[in-house]
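Overview (structure and organization)
Here is what each chain is made of, one letter per residue.
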Amino acid sequence: MICDTSSLETMLDYIRWGASCFATQGLYFGHGTDNALDESVALVLHALKLRHDLPHMYLQSRLTKAEREAIEALFKRRIMERVPAPYLTNQVMFAGYSFKVDDRALVPRSPIAELIEKRFQPWIQPQPEKVTRILDMCTGSGCIGIACAHMFPNATVDLVDISPQALELAWENITQHGLENRVHKIKSDLFKAVDKNRYDIIISNPPYVSTGEMQVLPKEYQHEPSLGLEAGSDGLDIVVPLLRLAPPYLKPDGIMVVEVGLSADALQERYPQVPFLWLDFERGGEGVLLLTAAQLSQYQLFFREDG
Ligand SMILES: C[S@@+](CC[C@H](N)C(=O)[O-])C[C@H]1O[C@@H](n2cnc3c(N)ncnc32)[C@H](O)[C@@H]1O
């Protein structure tokens, strides 16, 4: 191990030590947590198979040799291999729900979670009960679509991805959430294999990292499937076809929400005529656009000319 652990005895010792080690080793935090202490807590609790609501008095418990070794093994992988913490615990919280996660799909972390928790208010009117069809395009682990299914109990939700591995994981999450009856997975290259359903909401966190950005991403991202990240020279290789192809799949009063991250400037520069609404998030995050079905139809001309 990188540091001397011989004087550590309790859970608290390990949590504190892990946080200090992570902070000094230049790790990147951005896969479900944003700081060293939260990651240390998550890994220690996972190694000991304890819940996050563990009463604080137990933090003083002394650990067995096997327990110390289990914690150190996880810390070692986090530090030496730069594996994102959720790939070590195989669990992540998104929009208040627990999801299984592994390297078949990206670690869920989209700011769109906040929008889902608010049931897309004020953009979806008047009642959530009226929402009957939702499409989560580029679903990965299924987190966005499954969280939507919880928030819109009358909705059928389609989860689309081109990756069979991601869809396997999405299916495991669908069954873990007991939503087999109204959440379906579809293997498709964007809309190619999607029936011409009319959706109330199309939501997508597609790949949007430009080739240049890919070169400078922290090492943690190398553990994620590049299919979920990389999207050409300006990061718009998937986003633009999505905007072009979406109109026939939306109800007349439907909305489309797409995360484009740091490629927002490139998109806005390419289509200065299109009034993208860039959403604000209380918990942070940016680069998420919203267009109504009417706007998408009105500005199709620009997306068509482009492609
Ligand atoms: C950024 S990840 C998002 C995963 C998930 N929505 C989330 O927020 O955690 C993008 C996903 O898009 C999928 N993808 C890439 N190209 C695609 C395409 N042409 N059609 C459908 N899915 C695609 C990838 O397999 C990956 O799972």
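Given the structure is predicted, the values throughout are model-derived calculations rather than measurements.

Conventions adopted
- Residues numbered from 1 in each chain as written.
- Predicted model: local features only at pLDDT ≥ 70, side-chain atom pairs only at ≥ 80, totals over all residues.
- Core = buried A, V, L, I, M, F, W, Y, C linked by C-beta atoms within 7 Å.
- Buried ≥ 20, exposed ≤ 12 C-beta atoms within 10 Å, placed from the backbone.
- Domains from an automatic or database assignment.
- Contact = placed C-beta atoms within 7 Å.
- Nonpolar A, V, L, I, M, F, W, Y, C, P; charged D, E, K, R; others polar.
- Helix = DSSP H or I, 4+ residues; strand = E, 2+ residues; numbered from the N terminus.

1. Looking at the nonpolar core
Ranked by size, the top nonpolar core spans 81 residues in total, and within it Leu43, Ile134, Ala147, Cys148, Ile202, Val239 and Met256 carry the most contacts. Shared between two domains, this core takes at least three residues from each, and those domains are domain 1 (11-89) and domain 2 (96-306). Discounting chain neighbours no more than four positions away, the residues touching Met256 are Ile202, Ala246, Leu250, Leu291 and Leu296.

2. Let's talk about the domain arrangement of the protein
Split into domains, the protein comes out as domain 1 (11-89) and domain 2 (96-306). The straight-line distance from the C-alpha centre of domain 1 to that of domain 2 is 31 Å. Facing eight residues of domain 1, the contacting portion of domain 2 comprises nine residues. Broken down by class, the residue content of the side of domain 1 that touches domain 2 amounts to five nonpolar, two polar and one charged.

3. Concerning unusual backbone geometry
Across the junction of Gln121 and Pro122, the peptide omega takes the value 5°, indicating a cis bond. We note that Asn90 has phi near 55°; this positive angle belongs to a residue other than glycine. Take Asn90: it is sitting in the loop between helix H4 (85-89) and strand S1 (91-94). What makes Asn90 exposed here is the crowd of 11 C-beta atoms within 10 Å. Its identity as a non-glycine residue notwithstanding, Leu190 has a phi of 45°, on the positive side.

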